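Descriptive structure summary
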Amino acid sequence: MVKASPAELTRNAVDVLPEGELERKLALGRPLRVKLGIDVTAPDVHVGHAIPLQRLAAFQRAGHTAVLIVGDYTTRIGDPSGRSAERPVLSEEEIDRNAQLYFEQASQILDPERTEVRWNGEWLSKLDFAQVVRLTRTITVARLLERDDFQKRFEARSPISVSELLYPFMQAYDSVAVEADVELGGTDQLYNLLAGREVMQAYGLEPQVALTNPLLVGLDGRKMSASFGNYIGLSDRPEEQFGKTMRISDELLPEYYRLVMESDQDPAELEPMEAKLALARFIVGRSHGEEAVSAAEAHFTRVVREGRAPDDVPEARLPDGDPLHLPALVREVFGLSTSEARRLIAQGGVKVDDRVVDDLDVPRSDLEGALLQVGKRQFVRLRGVS
């Protein structure tokens, strides 16, 4: 094992509970089993999800056992944390696909060869009814309703299914099954992590340490979430990651430096542009490597800062007809609605070979081989039938 201080392992942690318990476990001198559970309701891992993965990797580097729990079984219910309604149930095929994609992205941060990956269907699917009843005896209904999201929905008379009430028991039983010493999660997971302690104790095991990390703010100032579309995904293309990062507000940079880069550098000491560039280089480099960083930065400079077309412009085939109706063409090529296309044309947001076009019907000869641009960053090269 590599000696690592509790401060290194708990960097940026909000809660490490009970106080002093992690230090006591570390003093045992054996590798700890450090658990992170993931529900695979979506295939995308974003830089906010990466924060607990970074803590798991820190324990891993120190010689402890990283246990990544794929919640194939619990995903069928959906974690109610922070939710105002029950989540939809996914098919087994969707769950399997999402889990594979999640692990591929998590491997950008974890050492996959040294990660113990477990699927909680391995044990949860084997519980018979009597065992489920025994599990539910470990936490009272009053204790369950202490959860902020359950409490709000109960007071508002919003539906709460029994299956959702079972979720904390199932996540806690994961800790029993893998005999976790530490469980990681976001601050919205604190209730579930502490419930795990109660259930482990009821099953005669030494309770886990609950370690929570902050939730990262997204590009629009709300919690980073795929449902809000305000995230930087680990699987995003390099130029997409770079461009999204450069849109982060100056006010959020200190948080991204602290949580994503885990840097002690104060971005206020740098020029705002240089501070964002350093963050963008880090995010792209971690996901795609240094060669991709150079290409993504060159793309950003050319397309965004200089307003020129990228080097690798995709091609689109012109439909039949002469003249061509421009709103229909923009709709077809860029996937916009007709009303959006008309609005962009009226606002001067559509160009052909760098010339603003406001005509709704355009001669075919003006479009064959031309560069069609919508907004500042979307380009296609138009080709006729060969």
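Now for a quick tour of the structure. In this text, all values refer to a predicted model and were calculated from it rather than measured experimentally.

For the structure shown, the criterion picks out 28 salt bridges. Among the salt bridges present, the one from R30 reaches D181, with a minimum N-O distance of 2.9 Å. Residue R30 is located in the loop between α2 (21-26) and β2 (33-38), and its partner D181 is located in the loop between α9 (162-178) and β5 (182-186); the two are separated by 151 residues in the primary sequence. You can call R30 partly exposed: its relative accessible area is 32%. Of the charged contacts, one joins R153 and E164 as a salt bridge, the two residues approaching to 2.8 Å between their closest N and O atoms. Of this pair, R153 sits in helix α8 (residues 148-155) while E164 is found in helix α9, placing the two residues 11 residues apart along the sequence. Exposure remark for R153: the relative accessible area of 3% places this residue in the buried category. Relative accessible area serves as the criterion here: at 1%, E164 is assigned to the buried category. Salt bridges here are not isolated pairs; linked through shared partners, they connect E21, R24, K25, R30, D181 and E206.

A word on the side chain of Q60. Residue placement: Q60 occurs in helix α3 (residues 50-61). If we ignore the near neighbours within four places in the chain, the residues touching Q60 are A66, L110, D111, R114 and T115.

Thresholds applied
- Residues numbered from 1 in each chain as written.
- Predicted model: local features only at pLDDT ≥ 70, side-chain atom pairs only at ≥ 80, totals over all residues.
- Heavy atoms only, no water.
- Salt bridge = Lys/Arg side-chain N within 4 Å of Asp/Glu carboxyl O.
- Helix = DSSP H or I, 4+ residues; strand = E, 2+ residues; numbered from the N terminus.
- Buried < 20%, exposed > 50% of the residue type's maximum accessible area, 1.4 Å probe, protein only.
- Contact = heavy atoms within 4.5 Å.

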